[in-house]
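Coordinate analysis (summary)
What follows is each chain in one-letter form.
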Amino acid sequence: MKILVLNCGSSSIKYKLYNMDDESVLAQGGVERIGLDEAFLKLTLPNGEKKKIMHDMPDHKEGVNFVFKTLLDPEIGALKSLDEIDAVGHRIVQGGDLFEKSCLVDKSVEDGIESLCDLAPVHNAGHLKGIRAVDALMPDVPQVTVFDNAFHSTMPPYAYLYGVPYEFYEKYHVRRYGFHGTSHRYVSHRVCEFLGVDIKTQKIITCHIGNGASVAAVKYGKVIDTSMGLTPLAGVMMGSRSGDIDPSAVTYIMQKTGMAPQEMADFLNKQSGVLGITGLSSDMREIENADAEGNERAHLALQMYNYRIKKYIGAYAAAMNGVDIIVWTAGVGENQEGVRWDSCEGLDYLGVKMDRERNHVRSKEQILSADDSKVKVVMIPTDEEIVIARDTMAIVTGKQVD
C-alpha cells in the first residue's frame, strides 16, 4: 500500500510518500509561497540530492496538483500513475474536543474542522484547503485526518480547564488542548520499544523542543498534562513565542502600545520568545553561537529557555509522583546538546544523572543518561509522518487506531 502524507499550512505543503509494505519513503518534499510570487517546490531525491523547482501556484489546489505532477515526473518522480496512491493522510493542528482520534474524511469531518478555525485560523484553514484540493483532484481516494491534539485528549478536566467561568468552556470551548501530540505519541511509544519496557508501566516526560516547543506528562501510556494550551502559544518559551505570561502583562502592554487583539497575538507569537529577548534570531543555533561569543542577552535567553523546560520537567514529575524516562526530540531537542544538559542539570533529586559524552550526539536514538541514573534520559528523533501514515493505513483497512 502506498500512502501520501500531506501537511498543509497557510502557504505551504509538506509531503511524504510511503510504501507501507516496509514503511520506506519513496518521495518527500515541500511546496512554499503558495499564492505569492516566486512559489517553488523543493524535494529530496533518493540519493539525497536536493532539487528546487520554480512554479506558479496561486492556490492549494495547484500546489497539490504540482506535487502530483512531480511524483509522476519520469526523471525525478516515484510513481507511474496516481492510481498507485491508495490513501492520503493529513496532519490537522486543531481538532478541539470534536475529534479525539484519527478518522476518515467525510463532509461532517470537513465541517467540524472548519468550525474549529477560530481556535487555529491559520493552520486549520490551510489543512482544509489541502483536503479539498485532494477532493477535487482525486475524488475517489480515501483521506484520513490525524489531529495534533488528539493524543492529549486523555487529560482530565482538572488539568485542561482554565480558572474562568465554566460557561466559557461550554459556549466557546475555552480550555487547554495541547499540540505536537503526534510527536509526543510517537516518541513515548518508540522510547519504550527502544528500552524494552512496557509503556503501560512507565511515567514518561516527553520534551518536543523545536522552534515551537511543548512538554507532556505521559503516565502509563496516557497524557495527563501538557504545556501548550488553547493555542500553541502557552508553555515553555520558544523561538518567537512568549510561552506562559501573566494575562495582565498582556493587557498592560496593549494599553501602553495601543495594539489591537490580533496585533498583540502576532506580537506574542512572532516577535517574542528567544527572538524578543535577544533581538537577534529565533534559531537556537545562532543564539548558542552568540552566547559563545560573549553576547549577554543570548546568554540570558538560553538561561530563560532552559530554566522553563526544567520547571516543566519538575512539575510533571510531581504530577505523576515520579518519572522513569525523559525523552528529548524535535529540532532543538535532537541537536542542541547544551539545552539538554542545562535543562537536566540539578535534577539529581529526581534521580537524573546525565553522561556528558553520551549527550554529545545529534539526532540519533541514544540513551543520554549515565548507567547509574535512576531516570533514563533518552533522545528519540521524532517521526510524525510515519504515525500519520500508519493511522491512515489502519483506518482505510478497517483496523483499530491506538
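Data block above holds the structure.
A few points on the structure. This structure is a prediction, so every number in the text was calculated from the model and none was measured.

The next subject is the sheet that holds strand β7 (residues 103–104). An order of β5-β4-β3-β2-β1-β6-β8-β7 is seen for the 8 strands of this open sheet, with the pairing classed as mixed. The sheet terminates laterally at β5 (50–54) and β7, the two strands that pair on one side only. Pairing analysis gives 5 bridges linking strand β6 (residues 87–92) to strand β8 (residues 143–147), with the strands arranged parallel. Within the sheet, the bridge partner assigned to His90 lies in β8 and is Thr145. Of the strands in this sheet, β1 (2–8), β2 (12–19), β3 (24–32), β4 (40–44) and β5 touch helix α1 (residues 60–72), which is tilted by about 35° from β2.

Taken together, the side chains of Tyr162, Val164, Phe168 and Tyr172 make up a nonpolar region of the molecular surface, amounting to roughly 380 Å² of accessible area. Residue position: Tyr162 is located in the loop between α4 (157–160) and α5 (166–172).

Quick look at the packing of aromatic side chains now. According to the stated counting rule, one finds 5 aromatic pairs in the structure shown. With a centroid separation of 4.5 Å and 5° between ring planes, the pair formed by Phe99 and Phe147 is classed as stacked. In this pair, Phe99 is assigned in the loop between β6 and β7 and Phe147 in strand β8, connecting sequence segments 48 residues apart. Classification of Phe99 as buried rests on a relative accessible area of 11%. With relative accessibility at 1%, the residue Phe147 sits in the buried group. An aromatic cluster of at least three residues, connected via ring pairs, comprises Tyr160, Tyr166 and Tyr169. Between Lys52 and the ring centre of Phe40, over which it is positioned, the NZ or CZ distance is 4.3 Å. Looking at Arg356, its charged tip hangs above the ring of Trp341, at a distance of 3.8 Å from the centre.

Sitting at the head of helix α7 (residues 247–257), Asp246 places a side-chain oxygen 2.9 Å from the backbone nitrogen of Ser248. Note on α7: the residue one or two positions beyond its end, Gly258, has a positive phi of about 75°.

A word on the nonpolar core. Nonpolar side chains in soluble globular proteins generally cluster together in the buried interior. Counting 56 residues, the largest nonpolar core has Ile205, Ile209, Tyr305, Ile326 and Trp328 as the members making the most contacts within it. Looking at which element gives the most residues to this core, the answer is helix α11 (residues 296–319), with 10 residues.

Spatially, 6 strands are ordered β11-β10-β9-β12-β14-β13 in an open sheet, and the strand pairing comes out mixed. Two strands lie at the open edges of the sheet, namely β11 (222–226) and β13 (366–367), each paired on one side alone. Sheet topology note: the strand β10 (residues 213–219)/β11 ladder contains 4 bridges and is antiparallel. Note on β11: the bridge partner recorded for Ala216 is Thr226.

Two elements in contact, helix α6 (residues 181–195) and helix α15 (residues 384–396), have axes separated by 8 Å at closest approach and are oriented at 90°. Accordingly, the angle class assigned to the pair α6 and α15 is roughly perpendicular. Listed contacts from α15 to Thr182, Ser183, Arg185 and Tyr186 of α6 are Glu384, Ile386, Val387, Ile388, Arg390 and Asp391. Of the residues belonging to the contact of α6 with α15, the class tally is 4 nonpolar, 2 polar and 4 charged.

With that out of the way, let us pick up the pattern of salt bridges. If you walk through the whole model with that rule in mind, you get 15 salt bridges. A salt bridge links Arg390 to Glu23; its shortest N-O distance comes to 2.8 Å. Of the two residues, Arg390 is situated in helix α15 and Glu23 in the loop between β2 and β3; the sequence distance between them amounts to 367 residues. A relative accessible area of 38% places Arg390 in the partly exposed class. We note a salt bridge from Glu193 to Arg190, for which the minimum N-O separation is 3.0 Å. Taken together, the residues Glu193 and Arg190, both in helix α6 and 3 residues apart, mark about one turn of the helix. Given a relative accessible area of 22%, Arg190 falls into the partly exposed group. When salt bridges with common partners are traced through the structure, they connect Glu110, Glu114 and Arg132 into a single cluster.

Before going further, it helps to spend a moment on the pairing of strand β12 (residues 325–329). The element β12 is largely enclosed, with a buried count of 5 among its 5 residues. Neither face of β12 is open: one carries Ile325, Val327 and Thr329, the other Ile326 and Trp328, and all of them are buried. Note that strand β9 (residues 203–209) and β12 share 5 bridges and pair parallel. From the neighbouring strand, His208 faces β12, where its bridge partner is Thr329. With 4 bridges connecting them, β12 and strand β14 (residues 376–379) associate as parallel partners. Bridged to Ile326 within β14 is Val377.

Here is what the cut-offs are and how they apply
Residues numbered from 1 in each chain as written. Predicted model: local features only at pLDDT ≥ 70, side-chain atom pairs only at ≥ 80, totals over all residues. Heavy atoms only, no water. Pairing = 2+ DSSP bridges. Helix = DSSP H or I, 4+ residues; strand = E, 2+ residues; numbered from the N terminus. Contact = heavy atoms within 4.5 Å. Axes fitted to C-alpha atoms, helices over the stretch in contact; angles between N-to-C directions. Patch = residues over 30% accessible without salt bridge, like charges linked within 9 Å, V, L, I, M, F, W, Y side chains within 5 Å. Areas by Shrake-Rupley, 256 points an atom, 1.4 Å probe, with all protein chains shown as cover. Salt bridge = Lys/Arg side-chain N within 4 Å of Asp/Glu carboxyl O. Phe/Tyr/Trp six-rings, centres within 6.5 Å; stacked < 30°, edge-to-face > 60°. Buried < 20%, exposed > 50% of the residue type's maximum accessible area, 1.4 Å probe, protein only. Lys NZ or Arg CZ within 6 Å of the ring centre and 35° of its normal. Polar contact = N/O pair within 3.5 Å; in protein donor to acceptor, adjacent residues only side chain to side chain. Core = buried A, V, L, I, M, F, W, Y, C linked by side-chain atoms within 4.5 Å. Parallel < 35°, antiparallel > 145°, perpendicular 65-115°, else oblique. Nonpolar A, V, L, I, M, F, W, Y, C, P; charged D, E, K, R; others polar.

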